[in-house]
Structures are given as C-alpha cells and as structure tokens.
Amino acid sequence: MTRRLTVAQALVTFLAHQYTERDGRRQRLIDACWGIFGHGNVAGIGQALLESEGALPYLQGRNEQAMVHAAVGFARQRDRLAAHAVTTSIGPGATNLVTGAALATINRLPVLLLPGDTFATRPADPVLQQLEHPGAGDISVNDCLRPVSRYFDRITRPEALIPAALTAMRVLTDPAETGAVTLALPQDVQAEAYDWPEEFFADRVWHVRRPAPDPAATADAAAAVRAARRPLIVAGGGVHHSEAEDALRALVEATGIPVASTQAGKGSLRHDHPADVGGIGHTGTAVADELARAADVVIGVGTRYSDFTTASATLFAPGVRFVNLNITSFDAHKLAALPLVADARAGLRALTEALAGYRVPASYESEYAAGKAAWEAEVERAYAVADPGARPGQAQVLGALDAVVGDEDVIINAAGSLPGDLHKLWRARSRRQYHLEYGYSCMGYEIPAAIGVRLAAPDRPVWALVGDGTYLMMPTELVTAVQEGIAIKVVLIQNHGYASIGGLSEAVGGERFGTAYRYRAPDGSYSGDPLPVDLAANAASLGMDVLRARTAGELRTVLAEARAADRPTCVYVETETADSVSGAPPAQAWWDVPVAETATRPAAVRARRDYERHAAARRRYLGT
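Here we summarise the structure given alongside this text. (Residues numbered from 1 in each chain as written. Predicted model: local features only at pLDDT ≥ 70, side-chain atom pairs only at ≥ 80, totals over all residues. Heavy atoms only, no water.)

### Comments concerning the side chain of D592
Alright, step 1. With respect to the helices and strands, D592 occurs in the loop between β23 (569-574) and α24 (602-615).
Alright, step 2. A polar contact of 2.9 Å, which involves the side chain of D592, links it to the side chain of Y611.
Alright, step 3. A polar side-chain atom of D592 sits 2.4 Å from a polar atom in the side chain of R618. (Helix = DSSP H or I, 4+ residues; strand = E, 2+ residues; numbered from the N terminus. Polar contact = N/O pair within 3.5 Å; in protein donor to acceptor, adjacent residues only side chain to side chain.)

### As for the layout of surface pockets
Alright, step 1. Roughly 1,200 Å³ of internal volume is contained in the largest pocket.
Alright, step 2. For the largest pocket, the lining is made up of 50 residues, of which H282, A499, S500, G503 and L504 are closest to its centre.
Alright, step 3. If you list the elements that add at least two residues to the lining of the largest pocket, you get α17 (418-425), α19 (468-473), α21 (499-507) and α24.
Alright, step 4. With six residues, α21 is the single largest residue contributor to the lining of the largest pocket.
Alright, step 5. Partitioning the lining of the largest pocket into residue classes produces 25 nonpolar, 19 polar and six charged.
Alright, step 6. Approximately 700 Å³ is the volume found for the second largest pocket.
Alright, step 7. Around the second largest pocket, the lining comprises 43 residues; the ones closest to its centre are G237, A264, G302, T303 and R304.
Alright, step 8. For the lining of the second largest pocket, the secondary-structure elements that each account for two or more residues are α9 (237-241), α12 (307-310) and β16 (321-326).
Alright, step 9. In terms of residues, the lining of the second largest pocket owes the most to one element, α9, which gives four residues.
Alright, step 10. Broken down by class, the residue content of the lining of the second largest pocket amounts to 15 nonpolar, 18 polar and ten charged. (1 Å grid on protein atoms, 1.4 Å probe; cavity = no way out; pocket = protein on both sides within 12 Å on 5 of 7 lines; lining within 4 Å. Points joined across faces, edges and corners; volume = space filled by probe spheres on them. Nonpolar A, V, L, I, M, F, W, Y, C, P; charged D, E, K, R; others polar.)

### Some points on the pattern of salt bridges
Alright, step 1. Under the definition given, this model contains 41 salt bridges.
Alright, step 2. In this structure, the salt-bridge partner of R26 is D203, at a minimum N-O distance of 3.6 Å. Of the two residues, R26 is situated in strand β3 (residues 25-28) and D203 in the loop between β10 (193-197) and β11 (204-207); the sequence distance between them amounts to 177 residues.
Alright, step 3. D203 gets classed as partly exposed once you look at its relative accessible area, which sits at 45%.
Alright, step 4. Connected via shared salt-bridge partners are R22, D23, R25, R210, E243, D343 and R345. (Salt bridge = Lys/Arg side-chain N within 4 Å of Asp/Glu carboxyl O. Buried < 20%, exposed > 50% of the residue type's maximum accessible area, 1.4 Å probe, protein only.)

### Here's the deal with the packing of helix α16 (residues 394-404) against helix α23 (residues 552-564)
Alright, step 1. Put simply, α16 and α23 touch, their axes get as near as 9 Å, and they point 50 degrees apart. Overall, the two elements α16 and α23 adopt an arrangement that is oblique. As α16 runs across α23, the sense of the crossing is right-handed. Counting all contacts with α16, which are made through Q396, V397, A400, L401, A403 and V404, the residues of α23 involved are L555, R556, L559, A560 and R563. (Axes fitted to C-alpha atoms, helices over the stretch in contact; angles between N-to-C directions. Parallel < 35°, antiparallel > 145°, perpendicular 65-115°, else oblique. Left-handed = near helix turned anticlockwise from the far one by under 90°. Contact = heavy atoms within 4.5 Å.)

### Here we look at the packing of helix α10 (residues 245-255) against helix α14 (residues 344-354)
Alright, step 1. It is the contact of α10 with α14, at a shortest axis distance of 8 Å, that shows an interaxial angle of 20 degrees. The angle between α10 and α14 places the two elements in the roughly parallel class. With respect to the hand of their crossing, α10 and α14 are arranged in left-handed fashion. Of α14, the residues touching α10 (which contributes A247, L248 and L251) are R345, L348, R349, L351 and T352.
Alright, step 2. Of the residues assigned to the contact of α10 with α14, the class counts are five nonpolar, one polar and two charged.

Note that all results are geometric; they support no functional claim without further evidence.
Now the structure itself:
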C-alpha cells in the first residue's frame, strides 16, 4: 500500500512516528519542530506542519540560531534521547543555523536541521537569495552546514528522502555519532508529491544501547588503577548523558578515588560528596588541580579533554597513565590512554567489579578531604557580602543565587566570565542542575537554551545567567518565552563590557583594548563614561516581568521573588565594573593563548615572558 503526500508532508509524518528506547523507557525522538518561514519552506514544511494538525508540534522562534540553541538545551536535558527539529527558509535563514549546528556537534548533542534550499529543477536560476558559484552549479549556502553536521544530505528527488531520513535518525540516536544532522530540502522538491510506502510511516523505535567494555580492556584498566596510589577520576559530560551518576558514586565509595569534573561533567557527584573535589583545569579548584598535578593514573569518564581541562597540556605530570572510558573510540584513545570503549554506566559498573577490594591509601583520602575543606572556605569567602548597601560583585550574585535555589533548579550559562566563576564556586546539587555549554562557549546560548530546558522539564525552575555582552547579542527569544508562557528566570548582570575577555586581554598584554562598553575618550579609546543603556527597560519592553536589585542586600530577596514567579521574569543587577567583576579565586592552572612575540608596549613584553615560562611546561602524553 502507498500514500500520496508531498515530500514535506511525508517527512513530517515520518518524524511524528520516531521513538527512542533505553532501559525500557520509550519516548518520542522528535518532540517538536521550531520554525521561521520564508519562501524556501512556507509552502513545503510550513504547509506540512499545518496539515499534520499538531502530530508534530510547532514552536515559533525569532532567530534561527536561537532556535537551534533551544533545541540543544532540550536535547541535553532529555539525556540525548529526545530532540527538536528546526526548519528555515533558504538564504540567511539557513546560514543562521551554522553557529548553532557547530555548537550541537561539538557538544555531541542531537538536533535535526531542515533548511530550505534552492530549486532542484532550476526553472529560474538564480532565485531570490541563491548563492551562485561560477565553478559548481550544485552548491548552495546550505553547504556551509556540511563541516558542522554529523550527517548532511540534500534531497533532490522524493524517493531519496527514505534512505536519508532513516540515516538521519540513526545518527541522531547513536551516542557515538550524534550531533547536528542536516537534511537540505529544495523548495520545489518539498512541494512535490510521491506515492510513499506505508511502511515508511510505521512507528519505529530506535534502541539506544549500552555497549559494555571489552573484558580484556577492562582487566588492563583495572590493573593500571590497582597499581596506582594517587588515581584521579575526571568526570565529563558523558556521565550525565549516560545517566551514570549512581554508577560513578558506587565506584568512588568502593575505592575512595576522588572525582574532579569538567564543565560538562560538573554535578556528576553532589558538591557535598566527600570524593567530589570540584572543577578541573584552568577554571578548576585548587584541590582538584593539585591532585591532577600529582596523579599517577587519570581515569577519564565521558570527557574529550579540551585544553581548559588539561590546562593546555600542562596540568598532568610527566609519566602519568590515562585510562579513558568513552562511548567513542576517538575520545577513548586520546592522550595515549588505555581505552575502554563503552557506555559510561556499563563501563563504570564493569570497572567497579574489576576493582573489588582495591582502595586508595587513607592518607590520600585525608589529603583531598583537607583540600576540599580549604576550597569550601574560599567559596564562602567569595560569596560573602561585606557591605549590603553596595553593589554586589559577580561572586556575590552567585552566592545569593546559591542560597535561593533548590536541588531541582537548573542553572544555564555559556560564555563570559561566569563560566570560570561557576566552575570554581557553584555547589551542584543534582545531576542536571549545572548546565554549562562550554564546548563552543557561545554567547547568546543561555536564553534560548533555558526555553528548551524548560520545555523538556516544565516542573523545574530554570535560570539563564547572562552578562550584558551576551544579552545584547541575542535577547530575541525573550519574546518567545513571553508568547508561550514559558516561565524562565533570567539573571541579567550589567558590568559594562566584556569582562572575561577584558581580563584575558590584560593578562596577555592587550591592555583591555576594545572590551569596555564606554564612550570614546579624547584619545580615541573606549575609556569614557559607561554607556547609559537600560537593559532592564529593554527586557520589560519585550514583555518580561523585571525585578531590579540595586544592592547586594536586596539581591537574595529579589531572586527568591523571581523563583516563585509563574511568568517569564528577569532579575537585573548592576555589578562592579568589568575590570573588577569577579571576586572569585584566580585561575589555578594555565591556559594557552599565544602572546605577541615582538612588541614595544611594556605590558605585552611582560606578558610574553610569562607566556614563554608557562609554555615550557607543555608536554606530550605518550603512555608507555
């Protein structure tokens, strides 16, 4: 039997019948479709969504990049077992997807992109918004999405949709392959009818497996750990994606091995667990980084070892041995490790069994317990408010929020100076509370991602923490939150500039050039008075309820009011200026940002000397 539908109608119908299953729990794979319509998709995917009468729910966005961010936030909250689709027109709507697609693929999070494309049949050439390439007639702007997609196909014939759609679902649901998946849809093909086999529209369940590690590899890994006196676990985002937190806790309680976490892995253990030593790397805690420097075996679980984690290959000692548990062979083999290619939960359980009877020396447990207590005192110092009548620093904002939230709250951030402060200071209370996008560190992610998280978990309070720089890049989805009644909470911190890059600029001899939001001074620099920009009024004009906290003393009360609100609410707080924003402890490890080798300005000359000193400590980890 066949059913006659357009390509767009067939795709929407197909997507409405896709499911995932893991551990006996089944859910829809494509939960909804975000869309902004133009001539490249309004009569195709747009008409098909209307025709489906809600079989695939539609969500209206304001910016194509932001729609992808919302989809990514949703997928992460759902442990990569459910995703959203995003449809756009051709031209700028399609190219606006590129940043979001890169973020999704770098962070290994599934999102289905359905950009319109130019005519496959070329009845008029060029059409509006078409990129003409003199040397290739089959190139369109959608080809920009190829390098940032885990799978890309252009559907130039109706029958080509069947294998492409099935492959797209396979990639989206494969933990080792997932990321952005793009099906480019020429606008004429979207509207073309075809007789589809009914089997194409049957319910299809994609089973997300938990592959176990090879027994010989497990034995080798266990032998390496048993020989260690100072092992350290580095927990990455794979712990969360695999729902492996309980398995990790069982391992560390049996062995006493401490756990440091990447940005994506923070919260793998509760902050108050004795074995949790906090963040690792450039934005890590003193205790975690000191343990890393002296570790003889490092067990990486679901981490890709970014340069922030390894302090640009200067953190771990020469001769250290790595054991890497990862669902992808690519990541498991990094740093010449003993690889355990497996699901994180299955691998941790196998390793726990293989390590039966092993425990680290009691002196080691006492050492990291003392370090943890010392760092907790640093957190208290950073959170403390000396003058309730003054403006708070950024650390005091986090301290006030820490006092207000519960275990169920979700804290979202991606860029600026906040990720470093959060990684060092935040007390993660539950497995999905700490939501930092730091694979791509994309300004503008926070607000749309908060919408996606709230859609995935409507019973959880969701906070988007944004600075003024991030807010000015992408406040558009506040309108979406207001339209849909999605009660996100936005903490908008006004510090008059790019605080993070300002600090980095100063450290590398850039003298904070171009990082302050100020009027031009007579010498041409941006060193005049702060700009009279009222971001709170802007948020209110977009429909948000806005609460202003003028002093550190008011802040906790205002945050508590926002948490209780059932409407989209913005807490606006002006902190100290961008050159003194943080108040958190300084970096505990290096990060490699090259400094000018020749310069005349004294700041750059000094920074180059410091750079050469740190760079001399870089090393290759080649195993034995």
